[in-house]
There are 2 protein chains.
Amino acid sequence: MASWPTSADVESAASQIAGVAHRTPVATSRLVDDRAGAHLFFKCENLQRSGAFKFRGAYNALSRLSPSEAKRGVVTFSSGNHAQAIALAGQVLDIPRVIVMPSDAPSVKRVATEGYGGEVVLYDRDREDREEIGRRLARERGLTLIPPYDHPHIIAGQGTAARELFEDVGPLDFLFMPCGGGGLLSGSAIAARAMSPGCKVIGVEPAAGDDANRSFRSKQLQTVHNPTTVADGARTPSLGTLTFPLVLEYVSDMAAVDDSTLLRTMFYLWERLKLVVEPTGALGAAAALEGAQPILGKRVGVILSGGNVDLTQVSQWLAM
Amino acid sequence: MASWPTSADVESAASQIAGVAHRTPVATSRLVDDRAGAHLFFKCENLQRSGAFKFRGAYNALSRLSPSEAKRGVVTFSSGNHAQAIALAGQVLDIPRVIVMPSDAPSVKRVATEGYGGEVVLYDRDREDREEIGRRLARERGLTLIPPYDHPHIIAGQGTAARELFEDVGPLDFLFMPCGGGGLLSGSAIAARAMSPGCKVIGVEPAAGDDANRSFRSKQLQTVHNPTTVADGARTPSLGTLTFPLVLEYVSDMAAVDDSTLLRTMFYLWERLKLVVEPTGALGAAAALEGAQPILGKRVGVILSGGNVDLTQVSQWLAM
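Nothing here was measured: the structure is a model prediction, and the numbers come from that model. (Residues numbered from 1 in each chain as written. Chains lettered and ligands numbered in written order. Predicted model: local features only at pLDDT ≥ 70, side-chain atom pairs only at ≥ 80, totals over all residues. Heavy atoms only, no water.)

## Overview of the overall build of chain A
Counting its secondary structure elements, chain A contains 14 helices and 10 strands. Here the C-alpha radius of gyration of chain A, 18 Å, is about what a compact globule of 320 residues would show, namely 20 Å. Summarising its shape, the C-alpha atoms of chain A cover approximately 55 × 45 × 40 Å along the three principal directions. When the 320 residues of chain A are sorted by exposure, 60% land in the buried category. Residue pairs at least 24 apart in sequence account for 74% of intrachain contacts in chain A once pairs closer than 6 positions are excluded. For chain A, the computed accessible surface area is about 12,100 Å², with 48% contributed by carbon and sulfur atoms. (Helix = DSSP H or I, 4+ residues; strand = E, 2+ residues; numbered from the N terminus. Rg over C-alpha atoms; globule rule 2.2 N^0.38 Å. Buried < 20%, exposed > 50% of the residue type's maximum accessible area, 1.4 Å probe, protein only. Contact = heavy atoms within 4.5 Å. Areas by Shrake-Rupley, 256 points an atom, 1.4 Å probe, with all protein chains shown as cover.)

Listed below in structure tokens is the structure:
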């Protein structure tokens, strides 16, 4: 885990996942373009296998294990899309996988992870440390730990979404996407530097969890503790030891959007693009459409990072 | 309006709309296939321009007007997707268009129609007859009346969606789709007969508005008056004078689904395909997935006919 991922690693990841991950479509809309006064290209990672870009990194990492590592299996900690992605990638590759998940995780997420054949180990969010449990399981059972973002194969794998977007639509002036732990953001920024050097890459956080915005500006790693936001995929406590320097090196700027703006944008995407995008997945679009950068007349990429929604929450979101 | 549309007319319509209407994608899902025990191909007309298949027929009809007819303009009656489709097709072709709409139509639909530059004329649903108003406006202002389904160019245009599906995925064993006035159904069945002769074409209505089911079985035109159903696109009073005989000639069977089954299927499509489909647009999928025909092991096409949803209704739908 010592090497820094490069654009060659993203290219290699693209070959590795070809034919297994979906090459997701790019959505466009005249009405959205008219409203924004720009040309927007939405990379539909909500249509990726397991419902989010996370499958790219998970499959890239798991498919590179040695035969003996693959036989023993992997462990990860995540209550969200990375958990489902590891569960599915392990199913495809026939690799045992243990997912450490908080005992209060929504049952829909637990069921989805188990549906892909992952073994779920629950922990008490208030009293236990998920990383510690992951490391202990790795040690005791000989499992390889695959963290959700701070891993070169994960980062390189996530960068393939942006790579495909540039291949399909050519150079862009801006590329917006969510930032949680920074795996998608740093991977995408590495791909952009190689394929569209003038493209400004913008990471977007929920306002309540703006640690990466603060880290980016202060150049010191900042943290946040369990922020309250509908963007559950971006509640990560901080950037990682790999992703933080990559973000500083490759990312042009950061932005943050509040929850009501985020939900308004999310529902706008549902109505206009007819695409179900989860709140976290709409962060990039919210920043792009709400004036975080001067996009007028520009060619703008947006990664719709995921679409795993518990629809019973919609009533509550509509009321916010 | 005397001639019966044929597969040659559908082919001609396909040329007519090429490059203007979207060639919509076909969605598939391993999880949906596993659940159904069949191979399902979803034709995404929710991603069509104006949010529904209706643009196909509207553009086909309007683009065939003579220069003098085009200059005078058209009139239609619809509170739904046909209204928006005529408004948009007229905008693209620079043809004046008047849409007769009930005064109690949801404001979101009126706003959408006006957004495409259509002139909206309101009428009182209880006291006035929309067809009479349409005919009067046609007479007084020299407008050409373009009805929502009972017109050969409309029928041929709607058939292009099924035609594209067969071109993209090859022959099918079944093809399911909604039936309101029967334009989409008869156009699709004409296309199927030519391109996949063994394919059983199934029209699906909401149970509360099953007039076409009854007409199909009795071979006598049956009607229904303002049925109460969430499938607002299929509340049509009856098949038309053109579509009824075409349905009898070309369609294999009809089915009906109740509203709670329909909504459950609609939300399942949102969750699994990440596609926003409106209730009417989920009729075909509901019949296919809920056992209306023996699809086990078969290749099954489903037309997701539209995605125009007023999201503020979702809370109410979730509670049904």
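Having seen the structure, we can now continue with the description.
## As for the sheet that holds strand β2 (residues 39-44) of chain B
What the 6 strands build is an open sheet, ordered β1-β2-β10-β7-β8-β9 (chain B); its pairing is mixed. In this open sheet, the two edge strands, each paired with only one partner strand, are β1 (26-27) and β9 (253-257) of chain B. (Pairing = 2+ DSSP bridges.)

## A word on the environment of arginine 136 of chain A
On the secondary structure map, arginine 136 of chain A appears in helix α7 (residues 130-141). Sequence separation of arginine 136 of chain A and valine 75 of chain A is 61 residues, and the distance between their C-alpha atoms is 10.0 Å.

## Some words on helix α5 (residues 81-93) of chain A
Residues and elements named next belong to chain A. If you check α5, its first and last C-alpha atoms are 18 Å apart, about what 13 residues at 1.5 Å a residue would give, namely 18 Å. Extensive coverage of α5 is indicated by the burial of 10 of its 13 residues. Taken together, the buried positions of α5 are occupied by Asn81, His82, Ala83, Gln84, Ala85, Ile86, Ala87, Leu88, Ala89 and Gly90. Looking at the packing, one finds that the buried side of α5 touches α3 (54-62), β3 (74-77), β4 (97-102), α6 (107-115) and α8 (152-169). Following α5 by one or two positions, aspartate 94 has its phi on the positive side, about 60 degrees. (Expected span 1.5 Å × (residues − 1).)

## Structural notes on the sheet that holds strand β6 (residues 144-145) of chain A
All names here are of chain A. The parallel open sheet is built from 4 strands, whose spatial order is β5-β4-β3-β6. Taken across any chain shown, the strands that pair with only one partner, and hence form the sheet edges, are β5 (119-123) and β6. Across 4 bridges, β3 lies against β4 in parallel orientation. Note on β4: the bridge partner recorded for valine 75 is valine 98. Along the sheet, α7 makes contact with β3, β4, β5 and β6, crossing β4 at roughly 155 degrees. (Axes fitted to C-alpha atoms, helices over the stretch in contact; angles between N-to-C directions.)

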